[in-house]
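The residues making up each chain are set out below.
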Amino acid sequence: MLEGLYSGAREDAEKREALEPLDTLRVRAEKAPGPRSLAGLVPRDTVHIIAEIKRKSPSKGALSEIPDPVDLALAYERGGASVISVLTEGRRFGGSLEDLHAVSQAVSIPALRKDFISSEYQIVEARACGADLVLLIMAGLSDDEVGHLLGVTRSWGMEALVETHSEEEVTRAVAVGALLIGVNARDLSTFELDTTLFGRLQEAIPSGVLKIAESAVVNSQDVTRYREQGAHAVLVGEALVTGVDPENQVKEFVAA
């Protein structure tokens, strides 16, 4: 499944690059508003919420139509979200770069491009669309690839959320210099959930690195559990896009 997601993302990026070469894209990225500061993500007494815009998932199918991602993003921001995560993978998640561009222009908090990124082109695309963060997944990349892509990301003034699913991947993420490490309870090879994973792996993440819990959030009790286990931030998607009042739901999660 993960190999297929990366293969599709690479193919789609190559098609876009055929229409807009990297050198031309760089010019557009240089003209984009500068990256927003991530100072607001420093650890605090309450948990940070990374609120996600996601229409579909391979494990659950259709989640929400989200006809206007900007409206949803603004509701998240009013609720107190610290970051807006935007799925840009179109084949299985129903996202787009247009969503990212529109959201990044509308909100004042950082925007994360969440996709299956494996090339410099995709990172420059993210910057051209106003992203401040990109996702790099240890399970789909070698250490050298992550190190290279992390360097490219930082050369554009952005930062990377480096996602892990095992102790070995956490160790690798630390070794390449990740400053934001996510532990995803959903194994992207099998799409099975392990709600105990973050609690077991977070101790391997050193101080000074932001610890982010991903997936397996249904309600505020789940956020509280992650916070008690040491999470500085919790990434929430499905529970928000399927809810009836995302603004107040984010407020509840932040208060948790």
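It should be noted that the structure appears before, not after, this text.
Read on for a plain summary of the structure. (Residues numbered from 1 in each chain as written. Predicted model: local features only at pLDDT ≥ 70, side-chain atom pairs only at ≥ 80, totals over all residues. Heavy atoms only, no water.)

1. Topic: the sheet that holds strand S1 (residues 48–53)
Read around the closed barrel, the 8 strands follow the order S1-S4-S5-S6-S7-S8-S9-S10; overall the barrel is parallel. For this sheet the average axis-to-axis angle between neighbouring strands, irrespective of direction, equals 25°. Judged from the 5 bridges that link them, strand S6 (residues 133–137) and strand S7 (residues 159–164) form a sheet pairing that is parallel. By the bridge assignment, Val134 is partnered in S7 with Ala160. Sitting on the sheet, helix H6 (residues 143–155) touches S6 and S7, and the angle it makes with S7 is about 150°. (Pairing = 2+ DSSP bridges. Helix = DSSP H or I, 4+ residues; strand = E, 2+ residues; numbered from the N terminus. Axes fitted to C-alpha atoms, helices over the stretch in contact; angles between N-to-C directions. Contact = heavy atoms within 4.5 Å.)

2. With respect to helix H11 (residues 246–255)
Of all the residues in H11, the buried ones are Pro246, Glu247, Gln249, Val250, Phe253 and Val254. The buried residues of H11 occupy an angular sector of 165° when the element is viewed end-on, so they sit on one face. Of the surrounding elements, those touching the buried residues of H11 are S1, helix H3 (69–79), helix H9 (220–228), strand S10 (233–236) and helix H10 (238–241). (Buried < 20%, exposed > 50% of the residue type's maximum accessible area, 1.4 Å probe, protein only. Arc of directions from axis to C-beta.)

3. Structural notes on unusual backbone geometry
One non-glycine residue with positive phi stands out, namely Ile66, at about 45°. For Ala216, which is not a glycine, the phi torsion comes out positive at approximately 65°. Looking at the secondary structure, you find Ala216 in the loop between strand S9 (210–214) and H9.

4. What to know about the packing of helix H1 (residues 2–19) against helix H5 (residues 120–128)
Between H1 and H5, whose axes approach to 10 Å, the crossing angle comes to 70°. Judged by the inter-axis angle, H1 sits roughly perpendicular to H5. Between H1 and H5 lies a crossing of left-handed hand. In contact with Ala9, Ala13, Arg16 and Glu17 of H1, H5 contributes Tyr121, Gln122 and Glu125. (Parallel < 35°, antiparallel > 145°, perpendicular 65-115°, else oblique. Left-handed = near helix turned anticlockwise from the far one by under 90°.)

5. Let's talk about the packing of H3 against helix H4 (residues 97–106)
A pair of packed helices can be characterised by two numbers: the angle between their axes and the separation between those axes. One can describe the packing of H3 onto H4 by two numbers: an axis separation of 9 Å at closest approach and a directional angle of 40°. Classed by the angle they form, the pair H3 and H4 counts as oblique. By crossing handedness, the relation of H3 to H4 is classed as right-handed. In this structure, H3 contributes Pro69, Val70, Ala73 and Leu74 to the contact, and H4 contributes Asp99, Ala102, Val103 and Ala106. Residues that form the contact of H3 with H4 fall into these classes: 7 nonpolar, no polar and 1 charged. (Nonpolar A, V, L, I, M, F, W, Y, C, P; charged D, E, K, R; others polar.)

6. Some details on the pattern of salt bridges
Following the criterion strictly, the structure yields 20 salt bridges and no others. Notably, a salt bridge pairs Arg78 with Glu247, separated by 3.0 Å at the nearest N-O pair. Residue Arg78 is located in helix H3, and its partner Glu247 is located in helix H11; the two are separated by 169 residues in the primary sequence. For Glu159, the salt bridge is made with Arg154, and the minimal N-O distance between the two is 3.1 Å. What makes Glu159 buried here is its relative accessible area of 9%. (Salt bridge = Lys/Arg side-chain N within 4 Å of Asp/Glu carboxyl O.)

7. A short note on the side chain of Ser85
With respect to the helices and strands, the residue Ser85 is situated in strand S4 (residues 83–87). What makes Ser85 buried here is its relative accessible area of 0%. Of the polar contacts made by the side chain of Ser85, one reaches the side chain of Glu52; its length is 2.7 Å. Beyond its immediate sequence surroundings of up to four residues, Ser85 is in contact with Ile50, Ala51, Glu52, Ile53, Leu112, Lys114 and Leu235. (Polar contact = N/O pair within 3.5 Å; in protein donor to acceptor, adjacent residues only side chain to side chain.)

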